[in-house]
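Each chain, letter by letter, is given below.
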Amino acid sequence: MLRRSLFLYFRGTKPTTMEATKTSPSLRTETKERLLSLDTLRGFDMAMLLGIGGILIALAELTGWGWMEALATQQHHVEWEGFRFYDLIFPLFMFISGVAIPYAINSKIEKGVARPLLLRKIFIRLLALIGLGLLYNGALSRGFTNLRYASVLSQIGFGYFFAALICLYTRSMRGRFLWLLGIMGGVAVLQLFVPVPGYGAGTFEAGTSINAWLDQRLIPGRLYGEVYDPEGFLCIVSAISITLMGALIGFLVRNKQYAPTRKALYVALAGVGGIAIGLALSPFYPVIKKMWTVPYVLLAAGVSALLLSLFYFVIDVKGSKNWTLFFRVFGMNSITIYMGARIVDFRDISRFFLNFTSVHINEQWGAVFITTGVLVIEWALLLFLYKRNIFLRV
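Attention in this report is confined to the structure presented alongside it. (Residues numbered from 1 in each chain as written. Predicted model: local features only at pLDDT ≥ 70, side-chain atom pairs only at ≥ 80, totals over all residues. Heavy atoms only, no water.)

## A short note on the overall build of the protein chain
Quick note on the threshold: A run of H or I in DSSP counts as a helix once it spans at least four residues, and a run of E counts as a strand once it spans at least two, with each numbered from the N terminus. As a reference, a globule follows 2.2 Å times the number of residues to the power 0.38, and the radius of gyration itself is taken over C-alpha atoms. The cut-offs for exposure are 20% and 50% of the maximum accessible area for each residue type, with area from a 1.4 Å probe on protein chains only; residues under the lower value are buried, those over the upper are exposed, and the others partly exposed. It only takes one pair of heavy atoms within 4.5 Å for two residues to be counted as in contact. Under the convention used here, a 1.4 Å probe and the Shrake-Rupley method define accessible areas, while residue burial counts only the protein chains that appear. Note on charges: Lys and Arg go in the positive column, Asp and Glu in the negative column, and His and the chain ends are not counted at all. Think of each charge as sitting on NZ of Lys, CZ of Arg, CG of Asp or CD of Glu.
Helix and strand counts for the protein chain come out as 19 helices and zero strands. At 22 Å, the protein chain has a C-alpha radius of gyration in line with the 21 Å of a compact globule built from 394 residues. Taken along its principal axes, the extent of the C-alpha atoms in the protein chain is 70 × 65 × 50 Å. Residues classed as buried in the protein chain amount to 49% of the 394 residues present. Sequence-distant contacts in the protein chain: of pairs separated by 6 or more residues, those separated by 24 or more amount to 71%. Looking at the protein chain as shown, the accessible area adds up to about 19600 Å², and 65% of this sits on carbon and sulfur atoms. For the protein chain, the centre of its 38 positive side-chain charges and the centre of its 21 negative side-chain charges are spaced 15 Å apart.

## Quick word on helix H13 (residues 260-281)
Side chains that are three or four residues apart share a direction in an α-helix, a result of its 3.6 residues per turn. Our working definition: Each residue after the first adds 1.5 Å to the expected span of a helix. By definition, the arc is the one covered by directions from the helix axis to the C-beta atoms.
An ideal rise of 1.5 Å per residue puts 32 Å on 22 residues; H13 measures up with 32 Å between its terminal C-alpha atoms. Looking at H13, one finds that the buried residues are Lys 263, Ala 264, Val 267, Ala 268, Gly 271, Gly 274, Ile 275 and Gly 278. Burial along H13 is one-sided: seen end-on, the buried residues are contained in an arc of 140°. The outward face of H13, more than 90 degrees from its buried face, is lined by the exposed residues Leu 269 and Ala 280. Against helix H12 (233-254) and helix H14 (294-317) lie the buried residues of H13.

## Observations regarding the side chain of Ser 358
Residue placement: Ser 358 occurs in helix H18 (residues 356-360). Assessed through its relative accessible area of 18%, Ser 358 is described here as buried. The contacts of Ser 358, once residues within four sequence positions are left out, are Glu 363, Gly 366, Ala 367 and Ile 370.

## Re the packing of helix H5 (residues 89-99) against H14
As a reminder, the rule being used: Angles here are taken between N-to-C directions and fall from 0 to 180 degrees, while the axes themselves are lines fitted to C-alpha atoms, restricted in helices to the stretch in contact. Crossings are classed by handedness, with left-handed meaning an anticlockwise turn of the near helix from the far one by less than a right angle and right-handed meaning a clockwise turn. Gly is put with the polar residues, along with every residue not named as nonpolar or charged; the nonpolar set is Ala, Val, Leu, Ile, Met, Phe, Trp, Tyr, Cys and Pro, and the charged set is Asp, Glu, Lys and Arg.
Interaxial distance between H5 and H14 falls to 9 Å at its minimum, and their mutual angle equals 65°. At the point where H5 passes H14, the crossing takes the right-handed sense. Contacts between H5 and H14 involve Pro 91, Leu 92, Phe 95 and Val 99 on the former and, on the latter, Tyr 296, Ala 300, Ala 301, Ser 304, Ala 305, Leu 307 and Leu 308. Broken down by class, the residue content of the contact of H5 with H14 amounts to ten nonpolar, one polar and no charged.

## Some remarks on a nonpolar patch on the surface
Using the following cut-off: Patches in this entry comprise residues that are over 30% relatively accessible and not in a salt bridge; like charges within 9 Å are linked, as are nonpolar side chains (Val, Leu, Ile, Met, Phe, Trp, Tyr) within 5 Å. One speaks of a salt bridge when a side-chain nitrogen belonging to Lys or Arg is within 4 Å of a carboxyl oxygen belonging to Asp or Glu.
There is a patch of nonpolar side chains on the surface, built from Ile 343, Val 344, Ile 349, Phe 352 and Phe 353 and spanning about 550 Å² of accessible area. Among the elements that take part in the nonpolar patch, helix H17 (residues 346-354) stands out by supplying three residues, more than any other. Along the polypeptide, Phe 352 turns up in helix H17. Given the relative accessible area of 69%, Phe 352 is considered exposed.

## What about the nonpolar core?
Threshold: Nonpolar cores were defined as sets of buried Ala, Val, Leu, Ile, Met, Phe, Trp, Tyr and Cys residues, with membership established by side-chain atoms within 4.5 Å.
Ranked by internal contacts, the top residues of the largest apolar core, which has 104 residues, are Ile 105 and Trp 292. Residue contacts for Trp 292: discarding those within four places in its chain leaves Phe 90, Pro 91, Met 94, Gln 155, Val 187, Gln 191, Pro 230, Cys 235, Ser 238, Ala 239, Ile 242 and Val 297.

## Notes on the environment of Lys 290
Where we set the bar: A 3.5 Å cut-off defines polar contacts: any pair of N or O atoms within that distance qualifies, except that in protein one atom must be a possible hydrogen donor and the other a possible acceptor, and neighbouring residues in sequence count only when both atoms are side-chain atoms.
With respect to the helices and strands, the residue Lys 290 is situated in the loop between H13 and H14. Distance in space between the C-alpha atoms of Lys 290 and Pro 230 is 4.5 Å, their sequence separation being 60 residues. Setting aside anything within four residues of it in sequence, one finds Lys 290 in contact with Val 78, Glu 79, Trp 80, Tyr 228, Asp 229, Pro 230 and Cys 235. Polar contacts involving the side chain of Lys 290 include one to the main-chain carbonyl oxygen of Glu 79, which spans 3.2 Å.

## Regarding the packing of aromatic side chains
What counts, and what does not: To pair, rings of Phe, Tyr and Trp, with the six-membered ring standing in for Trp, must have centres within 6.5 Å; the planes then decide the type, stacked if under 30 degrees apart, edge-to-face if over 60, and tilted in the middle. Two limits define a charge over a ring: the Lys NZ or Arg CZ must be within 6 Å of the ring centre, and within 35 degrees of the ring normal.
Enumeration according to the criterion identifies 23 aromatic pairs in this entry. Between the aromatic rings of Phe 158 and Phe 162, the centroid separation amounts to 6.5 Å while the plane-to-plane angle is 15°, which identifies the pairing as stacked. Of this pair, Phe 158 and Phe 162 both sit in helix H9 (residues 152-169), four residues apart, which is roughly one turn of that helix. Classification of Phe 158 as partly exposed rests on a relative accessible area of 25%. A relative accessible area of 33% means that Phe 162 is categorised as partly exposed. Both rings, one in Tyr 386 and one in Phe 391, keep their centres 6.2 Å apart while their planes meet at 80°; by these two values the pair is edge-to-face. Accessibility expressed as a relative area gives 19% for Phe 391, which makes it buried. Across from the ring centre of Tyr 160, 3.9 Å away, lies the NZ or CZ of Arg 125, which sits over that ring. For the cation-ring pair, Arg 342 lies above Tyr 136, with the distance from its terminal atom to the ring centre recorded as 5.0 Å.

## A word on the pattern of salt bridges
Counted under the stated rule, the structure contains four salt bridges. The shortest N-O distance in the salt bridge between Asp 39 and Arg 42 comes to 2.8 Å. In this pair, Asp 39 and Arg 42 are both assigned in helix H3 (residues 36-63), three residues apart and thus about one turn of the helix distant. Just as Asp 39 is buried, Arg 42 falls in that class too. One salt bridge connects Arg 254 with Glu 110, and the closest N-O pair in it is separated by 2.7 Å. Remark: Glu 110 occurs in helix H6 (residues 101-110) and Arg 254 occurs in helix H12; sequence separation between them is 144 residues. Look at Glu 110 and you get exposed, because its relative accessible area is 57%. By sharing partners, the salt bridges in this structure join Arg 148, Asp 229 and Glu 231 into a single network.

Written out as C-alpha cells, the structure is:
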C-alpha cells in the first residue's frame, strides 16, 4: 500500500483517504483553505509577464493605433522615476504571496501546528528560493565568477520569510501594523536623511543613493545596475513591507466576522488609501521602482489591493469562475513557468511552428502570431501539469 501511495503521489494523484489512513494512522484529511481569486490574480500577473504584455506590444506595432500604443507603453519599465503597469508585476506577486500567509501559516497555528515547525518550513522555502535565484542567474551555466547573487526569487524569498516570521510570532494585528510602520519608516529615514559619503542625504540618483552605497558594500558579486541592484539590500528590506501589507489584507479577507462584500469594499478602500498616500509623498519623495522607495511601495500595494478586491468580488463573492482556468494554470505553477521560461526557449519553439506567418504575411503579423504562440505553448504545458495535479510549490 505504501508503494501504491508513493506511485500515486509521483503521478500527481493524491491517494484516497482510506489509502492514506492505512498508510499512516496519524494522517488526517484536511480541507485546505484556498482563495480562487488569489490563484487567478497570481496567474494574471504571470501571464502579463510571460506573454500578454508582449502581445500588446506586437499589436501596437502592427496597428499603430494611439490607444494601443498607450497600452504597449505600459508594458515597459520607466527608466527611473515614475510608474507604469509593468512596474507593478513584481510587487503584485510579492503582495499576493503576503495575502497567502494567513492561509498557509496562521491557519496551521490555529490547528495546533507548532511554531518552530512552521519556522523551519518558511526557512527552507527561503533557502530554496535563494538557490533557484542563483540558478536563474546562471550559477550552473557560467559558474560563480562575476555571478549576480541578488535576484527576483531571492527577494521574494526574503520578503515572504520576514513577513511570515512577523505574522508567526507577533500575535496582535496592532503589533504587525507597528512592524510595518517600523520597516517603512526605517527605509524612509535611510533614503531621505542618512548622508551618503561624498554626496549627502536624500539623493535619488542611481550611483549616489543610499541604496547604491549599501549594495556596493553588502552585496557580493556583480550588481545588475553596475553601481546598484534593483533587488539589492535596501530594496529587499523595503519589499518586506509590501509582503507584510499583503498579509494584513489576507487577515482581513480571512476574517469571518465580516460579510464578503464588505471585505471586498474594505480591501478596495485600503488600496485607494495606499495610492493616495504614495502620490501625496511623491513630490518630495519620488516613486522609484529600482530603489523601492516607500511611495513606490505604497502605490504598488494600493493598485495590488484594488486588483485583489476586484478579483475577490467577481470570483469568490459573485461566483463568476468559468473564465478563471486560463489564469489559474499560470498562478498555481508560477515558479515552474518562471524558471521554465528561463531554461526553455519557448519563442524558438513558437517560431518553428509559426514563422511562416512572417514569411507569407508580413513581419508585424508574424510577431503577433509568434508572441501569441509563446503564451499558448506555455499555457498548454502548464495545463498538462495542472490536469495531472503536478505543482512545484516552494
